[in-house]
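Listed below, chain by chain, are the residues.
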Amino acid sequence: MPQLIAGRPMALANKRSRELLDVLGVGGRASHRPAEMSGGEQQRVAIARAAANHPQVILADEPTATSIRGPAIWCLRRCRT
């Protein structure tokens, strides 16, 4: 949704979203509702959503659990490109 609000075409928004979800290991859960995901999966989706529009800054409170720290940091670094 944030990408569409920013004016990104649907096809590009879907591509970027899928890429970020895959990087964070939750690409297979893209069609699931939050109640159907674990807390860690919900956290990874939130990171992908925050990174989707290539922001210069992301403010996060305890953004990464130990189990996803590597992929999350990689994703956040990649959003700068």
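For the structure, see preceding data.
Parameters at a glance
- Residues numbered from 1 in each chain as written.
- Predicted model: local features only at pLDDT ≥ 70, side-chain atom pairs only at ≥ 80, totals over all residues.
- Heavy atoms only, no water.
- Helix = DSSP H or I, 4+ residues; strand = E, 2+ residues; numbered from the N terminus.
- Expected span 1.5 Å × (residues − 1).
- Buried < 20%, exposed > 50% of the residue type's maximum accessible area, 1.4 Å probe, protein only.
- Arc of directions from axis to C-beta.
- Core = buried A, V, L, I, M, F, W, Y, C linked by side-chain atoms within 4.5 Å.
- Salt bridge = Lys/Arg side-chain N within 4 Å of Asp/Glu carboxyl O.

For helix 3 (residues 39-51), built from 13 residues, the straight-helix expectation of 18 Å at 1.5 Å per residue is met to within 8% by its first-to-last C-alpha distance of 19 Å. Every buried residue belonging to helix 3 is among E41, R44, I47, A48 and A51, and all of these are buried. The buried residues of helix 3 occupy an angular sector of 115° when the element is viewed end-on, so they sit on one face. Structural note: helix 3 exposes G39 and R49 on the side pointing more than 90 degrees away from its buried face.

In terms of nonpolar packing, the biggest core is built from eight residues, these being L20, L21, L24, V26, I47, A48, A51 and A52. Counting residues per element, this core draws most heavily on helix 3, which supplies three residues.

Under the counting rule described, the total for this entry stands at two salt bridges. A salt bridge links R16 to E19, with the nearest nitrogen and oxygen atoms 3.3 Å apart. Of this pair, R16 and E19 are both found in helix 2 (residues 10-23), three residues apart, which corresponds to roughly one turn of the helix. In this structure R16 comes out as buried when scored by relative accessible area, which is 8%. Salt-bridge contacts for R29 lead to E41; the nearest nitrogen and oxygen are separated by 3.3 Å. Taken as a pair, R29 in the loop between helix 2 and helix 3 and E41 in helix 3 lie far apart in primary sequence, 12 residues in all.

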